[in-house]
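Descriptive structure summary
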Amino acid sequence: MKKRLLCLLFISSIFAFGQTKTADDSLTPLQKLEEGNNRFTAGKPVHPDETLERLRELKKGQHPFAIVVSCSDSRVPAELVFDQGLGDIFSIRTAGNVMGDYELGSIEYAVEHLDCKLIVVMGHKDCGAIKAFINSKGHYEHSDHIKKIIEYIESENEEKKLANNHELSIDKAIDANIEHGVLFLKTAEPILKEFYDTKKVEIVGAIYDIETGKVTFDKNTKI
Ligand SMILES: [Zn+2]
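Per chain, residues are indexed from 1 in the order of the written sequence. Reporting in this predicted model follows two pLDDT cut-offs: at least 70 for local features of residues, and 80 or more for side-chain atom pairs to be given and counted; totals over whole chains, interfaces and linings ignore these cut-offs and use all residues. The side-chain values count all of the structure's non-hydrogen atoms but skip hydrogen atoms and water molecules.

This part is about the packing of helix α6 (residues 128-136) against helix α9 (residues 170-186). Interaxial angles span 0 to 180 degrees and are taken between N-to-C directions of axes, which are lines fitted to C-alpha atoms, for helices over the stretch in contact. Put simply, DSSP H or I for four residues or longer makes a helix, DSSP E for two residues or longer makes a strand, and each gets a number counted from the N terminus. One can describe the packing of α6 onto α9 by two numbers: an axis separation of 10 Å at closest approach and a directional angle of 120 degrees. One element, α6, and the other, α9, form an angle in the oblique class. By crossing handedness, the relation of α6 to α9 is classed as right-handed. Touching Ile 130, Lys 131, Phe 133 and Ile 134 of α6 are Ile 170, Ala 173, Ile 174 and Asn 177, all from α9. By the convention adopted, Pro, Cys, Tyr, Trp, Phe, Met, Ile, Leu, Val and Ala count as nonpolar, Lys, Arg, Asp and Glu as charged, and the other residues, Gly among them, as polar. Class assignment for the residues of the contact of α6 with α9 results in six nonpolar, one polar and one charged. Oblique is the label for every angle not falling under 35 degrees (roughly parallel), over 145 degrees (roughly antiparallel), or within 65 to 115 degrees (roughly perpendicular). Two helices cross in a left-handed way if the nearer one is turned anticlockwise from the farther one by less than a right angle. They cross in a right-handed way if the turn is clockwise. Contact definition: two residues touch when any of their heavy atoms are within 4.5 Å.

Now the structure itself:
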């Protein structure tokens, strides 16, 4: 009898877990990310979509609801920060969330072929790539590939404006870098510009606080 009861409890706990693991489809993609981040910062993540069942289900195909472009920094993993799981986020990560043709091609693929309706460009506080750019003051001495990342950040118009006005600080440079990423995607021809102009995709900037875990979305960059 005891065994039967335990067995029933076990089955019902699996069922209950199954109910909480699924994302609420009544939410917009942005709301799903916001709610996931609220759970994460409250210390109450539900770790959705991490089961073998989900793994097998995804063999049929992926339909991630958002693209997140973020930094490779080990403290900024999109799936954890937004409390999402397998098949939920199409993730692009480079140091300083810089984007070139390969990243753009990946994003175009997710928008055009996977039907993603939201792109988030997420910078983060205390970003090492932005710090390296600030510290180099336009004279990065080494000839390694990190130089390419710093040169990219240096070439951003938004960063240049700050430097010209002597307003360059790490926080302002991080904001400028996010603004640059959002504008870069909104105007990227031929695919993204058309999808953005015809309101088929939303492109939003965001900043992640590595101390609190909080993601703040820049609603001004919303459609
Ligand atoms: Zn970073």
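Our focus in this paragraph is the pattern of salt bridges. We define a salt bridge as a side-chain nitrogen of Lys or Arg found within 4 Å of a carboxyl oxygen belonging to Asp or Glu. Counted under the stated rule, the structure contains ten salt bridges. Across the salt bridge formed by Asp 83 and Arg 39, the nearest N and O atoms sit 2.6 Å from each other. In this pair, Asp 83 is assigned in the loop between α4 (78-81) and β2 (89-94) and Arg 39 in helix α2 (residues 29-41), connecting sequence segments 44 residues apart. Three exposure classes are used, based on accessible area relative to the maximum for each residue type with a 1.4 Å probe and protein chains only: buried under 20%, partly exposed in between, and exposed over 50%. Accessibility expressed as a relative area gives 2% for Asp 83, which makes it buried. Judged by its relative accessible area of 24%, Arg 39 falls in the partly exposed class. Among the charged side chains, a salt-bridge network with shared partners connects Asp 49, Arg 54, Glu 57 and Asp 88.

On the surface, Leu 52, Leu 55 and Leu 86 cluster together into a nonpolar patch covering about 270 Å² of accessible area. In this structure, Leu 86 sits in the loop between α4 and β2. In this scheme, patches are assembled from residues that exceed 30% relative accessible area and form no salt bridge. Like charges are connected within 9 Å, while nonpolar side chains (Val, Leu, Ile, Met, Phe, Trp, Tyr) are connected within 5 Å. Under the convention used here, a 1.4 Å probe and the Shrake-Rupley method define accessible areas, while residue burial counts only the protein chains that appear.

Looking now at the coordination of the zinc ion. Note that water is not among the atoms considered, so a metal site may appear incomplete; the donors listed are N, O and S atoms within 2.8 Å of the metal, with 3.2 Å applied to Na, K and Ca. Around the zinc ion, the protein supplies Cys 71 (SG), His 124 (NE2) and Cys 127 (SG) as donor atoms, at distances of 2.0 to 2.3 Å. One chain supplies every donor to the zinc ion, and in sequence these donors are spaced C-x52-H-x2-C. Placement of the pair is Cys 71 in strand β1 (residues 66-71) and Cys 127 in the loop between β3 (118-124) and α6, with a sequence separation of 56 residues. Across this residue pair, the class does not change: Cys 71 and Cys 127 are buried.

A separate point is unusual backbone geometry. The phi torsion of most residues other than glycine is negative, and most of the peptide bonds are trans. Of note, the bond from Glu 189 into Pro 190 is cis; its omega dihedral lies within 30 degrees of zero at 0 degrees. Assignment of secondary structure puts Pro 190 in the loop between α9 and α10 (191-197). The backbone of His 47 shows a phi angle near 45 degrees, a positive value even though the residue is not glycine. Looking at the secondary structure, you find His 47 in the loop between α2 and α3 (52-57). Under the relative-accessibility criterion, His 47 is labelled partly exposed at 38%. One non-glycine residue with positive phi stands out, namely Asp 126, at about 60 degrees. Mapped onto the secondary structure, Asp 126 falls in the loop between β3 and α6. With relative accessibility at 35%, the residue Asp 126 sits in the partly exposed group.

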